[in-house]
Amino acid sequence: MGTISIISVEHSDRLFWLGRYTERFFTTLKALEKLYDSVIDKDQYGYREYLSAFGLSDVYNDYKEFFKSFIFDRSNESSAAYSLSRAYDNGIVLREEISTEALSFIQLALDDLDRAQNSNQGLRLALHPIEDTIFGFWGCVDDHVCDNETRYIIHCGKIIERLDIYLRLKYPFEIIDAEFGRLCRCLSGIPKNSPYHYNQKQLSSLVEIMGLKDGYTEQKDLAVSSLEALFEPTGRS
Amino acid sequence: MENISFPSANVKEINELLRRYGVKFGIYKNGEFKEQLFPFDTIPRVISADSFSYLEKGLIQRVDALNMFLYDIYHEKKIIADKIIPEEFVYISSGYLPQCEGITPPKKIYSHISGIDLVEGKDGEWYILEDNLRIPSGASYPLIARELTRTASPDCFSQSGIVDNRNYAELLRSAMDSVNCGGINAILTPGRYNAAYFEHSYLAELTGAALVQNNELFVEDNMLFQKTYTGGKTRIGALYRRISDEYLDPLTFNPCSVIGVPNLTEAYRAGNVAVINALGNGVADDKGIYYFVPKMIKYYLNEEPILKNAPTYLPFYEEDRKYVLENLEKLVIKDVAEAGGYGVVFGSDLTAEKLADFRQTIINEPRRFIAQEVIDFKDLPIIENGEQVMRKADLRAFVLSGEKTRVWASGLTRFSRNPDSFVVNSSQGGGFKDTWVLSR
Amino acid sequence: MKKINFVFSTKLTFDDYVEEHSIALRCIPPETETQHIVSCQLEITPLISTNRTVDAFGNNVTSGYIAKPHRFLDFEVRCTAELDKTKRRTDFMPCYSRFSEYTKPDGALYDFHRQIKNDSLSPLERAKYYSERLHEIMSYETNSTTIKTTAAQAFAQKKGVCQDFSHIILSLLRIDGIPCRYIAGLTESGGETHSWIEVWTGECWRGFDPTSVIFVEDEYITLSQGCDFGDCAIDRGVMKGAFTRQMQLVSSRITVE
């Protein structure tokens, strides 16, 4: 009952976006938790910086309203809940590739999130089991998927998403650099004639920015756009 | 059967597990797509070893005869020449596809996966209600329900010799392998918004077949291929399609179809791909042809039919029409053109005025209907709000034809949640049960 | 008997690139009792590999697939054939007695049939008689219908082209239970493809042209046959692309030896 090693166009897309959305959900949740920790006693408008990192303006009355929307509101496209339902949409069509078991973790995370929203517990405590669930998801995917290319595509999506958020939120360089190294390893595993083969120009631009070390923050907008354009066709053949 | 103990896990727990593993079916309500659960009842239908071996023989006999009928109809048509079935009933059927004349599918198998619907009468006799030879669905539900029930209530499986039904994927895969014309096996789905998408993806996962949609397939040199993401192609040798005939190939059938594969019929005609189930099967599971299945069994196999049809009348025949018109209020009338529990009318539900109208409709279009005696079928217990209540239930048995014809030792038992209803279809709000076959 | 040469060509042009283009052509005439194909070549540009099958109705189907972007598709058939309509075809199929997608009658067609019904005529005479009566109330008008128009739709608007006249007569004959079939082909007058019908006499097929109201003789070349137009389309295709329009130029030239 192994997976099929021949990847269709449709599947490669779904795998990539499943990786991205699952990670966007997870990293968003993590970032929001960290932010929550700081707004409670440091700066109650600290969330505005988060908003501006994503080019959004403050339309919230207070941080509580902001967190409610960014964690639970599925109609807010920047929310964790929205990303999770997109992950579900991509996962549901990959059952035979990633396994029913792996898919069930996305369902569990959706349930956990619903439960957290209606819980009387403190927000962070209520969200806690969701992280375990996502770790369970990744464990299950890695355990089930034997084919390296399949694995590289989904991980590419995952790391690109992670880097995107880390760059925007100006995480320390060492953390970014480690993820960039991971990305390069994934990229080298994807065949040249696939839609997920990197564009050399964009990758070079990223390498250059990484060379600035801590100074990368000066070029973070360029880094984000290079990352976004990483799979653009290199040129007309 | 007294020593059987039922699962101790409650209905809610197992339904929760089913939900977690994505056992849902999609429906459109007010133009919006929603995923619904297919309610599961934990009390299984239990079939004794003796009953099953009787059913098995009868089902194999029936499906073999139906496969021979399909071959005959699309080739020599001996059964018509020999006046066993009037030709009107064959060629007027919307399931008869003249485009399939002369095509011989691999191993002459037309119906690889047959879903035969039966009920058990109060007299203990089994009756066939209908044959589904096109794209019968539902096997995945008892399959995954068994897995989850064994997880939730392992104890009840330790004692009573319940035949493991989790070999369905194996049966399906060997049916696909046996007709594969070279290449991989694939399951063609219309997509995730199809009501049976869970089943398509779950069966793909279990059989190792690729789950595909039409936009990734193409026919070149009369062979069917799947595009790969590196610009290559993978040949498909057996296509288990979950799309109906008329949409399957826009160059042969409905030209407006956007879910089909152009020129698939040519690849199939050339013998380069097996289409599972074959094209044109609708002529054999037509409600009008149903009446003739026992005659087919005698004709092709020279055997007495083992399983009975429900007593059926064809208004097409003068004598039957007279009986139907006189006894309409106690009969069930089925429109041969409708599927899925639609177009089924119980005479007892009609007012005098409606009965009179219906009689006229039957006189005008006698070929359109069949009439059956209402079978008083055995109710099965279900749990509703913690109470055990009795409800109508049927059984869809799955028969797989490959190297040999085999009956899956399980089946989909569907029940009506409405106490007054005989209609057990899932599209009409019914639930399902597992079906346990005992090994001794 | 007549020996003829014909060239049939179509040029299909799109206003933007198309790709993943699947085609099914029924333009190579079948070998039958009434027409012997001495030689026949089909040329398709862009150059693609094609395959030939014979469909259930006895038509030669040429199928092909063009993966790469292209803006046109041309094909040309060059054929030499010997026609002899004194011979008779006998390839019967039960579907020819049944209503089909295009020939299913509606209330108006049943009414018309009731008015003109004449059981004393032989099947072939009936085809002629029904056609004469139809021409009294329906006119031939170029471009008045499309390839999707059914017999009932064309009858409702009382105008149509050869395809519609064929469909309506097929529909009327099938109400009588007379087996009959649709033919797509070429005539000596050249130009675009023509359509006519064949009527089953009980023993063999006889051709009749409901548009011109004449019996079919040696100047008719059959390209394909079936229950209705749906089985007989000379060229069909499915493609992807952002094109909004396609233009097709069809021409045929027939010379008698």
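Starting from 1, residues in each chain are numbered consecutively following that chain's sequence as written. Key to labels: chains lettered from A, ligands numbered from 1, both in the order written. The model is predicted, so local features are restricted to residues of pLDDT at least 70 and side-chain atom pairs to those at 80 or more, both for listing and for counting; the totals for chains, interfaces and linings are taken over all residues.

## Quick look at the overall build of chain A
Working definition: helices are DSSP H or I runs of at least four residues, strands are E runs of at least two. Numbering for both runs from the N terminus. Tallying secondary structure elements over chain A gives 11 helices and 0 strands in all. Mapped from its N terminus to its C terminus, chain A presents α and β elements in the order α-α-α-α-α-α-α-α-α-α-α. Atoms counted for the radius of gyration: C-alpha only. Globule rule: 2.2 Å times the number of residues to the power 0.38. Compactness check: chain A gives a C-alpha radius of gyration of 18 Å against a globular reference of 18 Å for 237 residues, within 12% of the reference. Along the first, second and third principal axes, the C-alpha atoms of chain A reach 55 × 45 × 30 Å.

## Details of the overall build of chain B
Tallying secondary structure elements over chain B gives 13 helices and 21 strands in all. Relative to its length of 440 residues, chain B is compact, with a C-alpha radius of gyration of 22 Å against a globular reference of 22 Å. If one aligns the C-alpha atoms of chain B with their principal axes, the spans along those axes are about 60 × 55 × 50 Å. When each of the 440 residues of chain B is scored for burial, the buried share is 51%. In this description, a residue-residue contact is defined by the distance between C-beta atoms placed from the backbone, which must lie within 7 Å. Contacts in chain B between residues at least 24 apart in sequence constitute 71% of all its contacts with a sequence separation of at least 6. Using C-beta atoms placed from the backbone, we call a residue buried if 20 or more other C-beta atoms fall within 10 Å of its own, exposed if 12 or fewer do, and partly exposed for counts in between.

## Considerations on the domain arrangement of chain B
All the domain ranges listed were derived from an automatic or database domain assignment. For chain B, the assigned domains are domain 1 (11-304 + 392-437) and domain 2 (311-373). Centre-to-centre separation of domain 1 of chain B and domain 2 of chain B, based on C-alpha positions: 28 Å.

## Points about the interface of chain A and chain B
With 23 residues of chain A at the interface, the matching set in chain B holds 22 residues. Secondary structure elements with two or more residues in the side of chain A that touches chain B: helix 1 (9-39), helix 5 (95-98) and helix 6 (100-117) of chain A. In terms of residues, the side of chain A that touches chain B owes the most to one element, helix 6 of chain A, which gives 5 residues. In this classification, the charged set is Asp, Glu, Lys and Arg, the nonpolar set is Ala, Val, Leu, Ile, Met, Phe, Trp, Tyr, Cys and Pro, and all remaining amino acids, among them Gly, are polar. For the side of chain A that touches chain B, the class distribution of residues is 11 nonpolar, 9 polar and 3 charged.

## Points about helix 11 (residues 220-228) of chain A
Residue and element names in this part refer to chain A. Regarding helix 11, the residues found buried are Ala223, Ser226 and Leu227. The arc that holds the buried residues of helix 11, viewed along the axis, is 100°, so those residues lie on one side. Seen from the open side of helix 11, the exposed residues pointing more than 90 degrees away from its buried face are Asp221, Ser225 and Glu228. In this fold, the buried residues of helix 11 make contact with helix 8 (148-168) and helix 10 (200-210). The directions considered for the arc are those from the helix axis to the C-beta atoms.

## Describing the domain arrangement of chain A
Once the domains are mapped, chain A shows domain 1 (9-146) and domain 2 (173-237). Placing the centre of domain 1 of chain A and that of domain 2 of chain A at their C-alpha centroids yields a distance of 24 Å.

## Some remarks on the packing of helix 1 (residues 11-20) of chain B against helix 5 (residues 140-152) of chain B
Residue and element names in this part refer to chain B. Contact pair helix 1 / helix 5: the axes reach a minimum separation of 10 Å and the direction vectors enclose 130°. Here helix 5 runs oblique to helix 1, going by the angle between their axes. Here helix 1 runs over helix 5; the crossing is right-handed. Contact residues: Glu13, Ile14, Leu17 and Leu18 in helix 1; Ala145, Leu148, Thr149 and Ala152 in helix 5. Counted by class, the contact of helix 1 with helix 5 contains 6 nonpolar, 1 polar and 1 charged residues. The axes used here are C-alpha line fits, helices contributing only the stretch in contact, and every angle between their N-to-C directions lies in the interval 0 to 180 degrees. Working definition: roughly parallel below 35 degrees, roughly antiparallel above 145 degrees, roughly perpendicular at 65 to 115 degrees, and oblique for all remaining angles. Throughout, a crossing is termed right-handed when the near helix is turned clockwise from the far one, and left-handed when it is turned anticlockwise from it by less than a right angle.

## A word on the confidence of the model for chain A
The share of residues in chain A with pLDDT of 70 or more is 96%, and the mean pLDDT across the chain is 91. How sure the predictor is of each residue is captured by pLDDT, a score from 0 to 100. The least confident element of chain A is helix 7 (residues 123-144) of chain A, whose mean pLDDT is 92; the most confident is helix 4 (residues 80-92) of chain A, at 96.

## Re the packing of helix 1 of chain A against helix 7 of chain A
Residue and element names in this part refer to chain A. The N-to-C vectors of helix 1 and helix 7 enclose an angle of 150°; their axes lie 11 Å apart at closest approach. The pairing of helix 1 with helix 7 is recorded here as roughly antiparallel in orientation. Read as a crossing pair, helix 1 and helix 7 show a hand that is left-handed. Contact residues: helix 1 offers Thr22, Phe26, Leu29, Glu33 and Tyr36, while helix 7 offers Leu123, Arg124, Leu127, Ile130, Ile134 and Phe137. Split by residue class, the contact of helix 1 with helix 7 holds 8 nonpolar, 1 polar and 2 charged.

## What about the interface of chain B and chain C?
Across the contact, 21 residues belong to chain B and 18 residues belong to chain C. Contributing elements (two or more residues each) for the side of chain B that touches chain C: helix 4 (87-91), strand 8 (217-220) and helix 9 (264-269) of chain B. Of the residues in the side of chain B that touches chain C, the class split is 11 nonpolar, 4 polar and 6 charged.

## Describing the sheet that holds strand 16 (residues 369-373) of chain B
All names here are of chain B. The pairing criterion for strands is at least two bridges between them, as found by DSSP. With respect to topology, 4 strands assemble into an open sheet ordered 13-16-14-15, the strand pairing being antiparallel. Each edge of the open sheet is held by one strand with a lone partner, namely strand 13 (312-313) and strand 15 (344-346). Sheet analysis places strand 14 (residues 331-335) next to strand 15, joined by 3 bridges and oriented antiparallel. Paired with valine 332 across the bridge in strand 15 is phenylalanine 346.

## Notes on helix 11 (residues 293-301) of chain B
Since there are 3.6 residues in each turn of an α-helix, residues three or four apart along the chain are aligned in direction. Buried within helix 11 of chain B we find B:Val293, B:Met296, B:Ile297 and B:Tyr300. For helix 11 of chain B, the angular spread of buried residues about the axis comes to 100°, placing them on one side.

## So, the arrangement of the chains
When the 2 pairs of chains in contact are ranked by number of contacts, first place goes to chains A and B. The closest approach of any C-alpha atom in chain A to one in chain C is 13 Å; the two make no contact.

## Notes on the pairing of strand 2 (residues 32-37) of chain B
All names here are of chain B. Of all 6 residues making up strand 2, only 0 are buried, and the element is barely covered by its neighbours. In this structure, strand 1 (residues 24-29) lies alongside strand 2, joined through 6 bridges in antiparallel fashion. Along strand 2, the bridge assignment pairs glycine 26 with glutamate 35.

## Focus on the nonpolar core
What makes a nonpolar core is a set of buried Ala, Val, Leu, Ile, Met, Phe, Trp, Tyr and Cys residues, with links drawn between C-beta atoms within 7 Å. Ranked by size, the top nonpolar core spans 125 residues in total, and within it B:Phe69, B:Ile187, B:Leu224, B:Leu239, B:Val273, B:Ile276 and B:Ala397 carry the most contacts. Ranked by residues supplied to this core, first place goes to helix 2 (residues 49-73) of chain B with 10 residues. With 57 residues, the next largest nonpolar core counts A:Tyr36, A:Leu113, A:Leu127 and A:Ile153 among its residues.

## Comments concerning the pairing of strand 3 (residues 50-54) of chain C
Two faces make up the sheet, and in a regular strand the side chains alternate between them. Residue and element names in this part refer to chain C. In this sheet, strand 4 (residues 60-66) lies alongside strand 3 in antiparallel orientation, the contact comprising 5 bridges. If you follow threonine 50 over to strand 4, its bridge partner there is glycine 64. Here strand 3 hands over to strand 4 after 5 residues, with glycine 58 in that stretch at a positive phi of 95°.

## Details of the environment of B:Lys392
When you line up the elements, B:Lys392 lands in strand 18 (residues 387-401). For the pair B:Lys392 and B:Cys256, spaced 136 residues apart in sequence, the C-alpha separation works out to 40 Å.

## What to know about the sheet that holds strand 11 (residues 214-215) of chain C
In any sheet, the strands associate via hydrogen bonds between backbone groups, in a parallel or an antiparallel arrangement. Residue and element names in this part refer to chain C. Read from one edge of the open sheet, 5 strands run 11-10-9-8-12, paired in antiparallel fashion. The sheet terminates laterally at strand 11 and strand 12 (220-226), the two strands that pair on one side only. On top of the sheet, helix 2 (residues 123-137) reaches strand 9 (194-200) and strand 10 (205-209); it is set at about 140° to strand 9, its chief contact.

## Concerning the environment of C:Thr50
Note that C:Thr50 resides in strand 3. On the basis of neighbour count, C:Thr50 is assigned to the partly exposed category, with 17 C-beta atoms found within 10 Å.

## Comments concerning unusual backbone geometry
Between B:Ile276 and the following residue, B:Asn277, the backbone shows a cis peptide bond with an omega angle of -10°. As for its position among the elements, B:Asn277 is in the loop between strand 11 (274-276) and helix 10 (287-290). C:Pro46 follows C:Thr45 through a cis peptide bond whose omega is -5°. With respect to the helices, strands and loops of the structure, C:Pro46 is situated in the loop between strand 2 (35-45) and strand 3. Positive phi, normally seen in glycine, also occurs at B:Asn222, with a value near 60°. Mapped onto the secondary structure, B:Asn222 falls in the loop between strand 8 and strand 9 (223-227).

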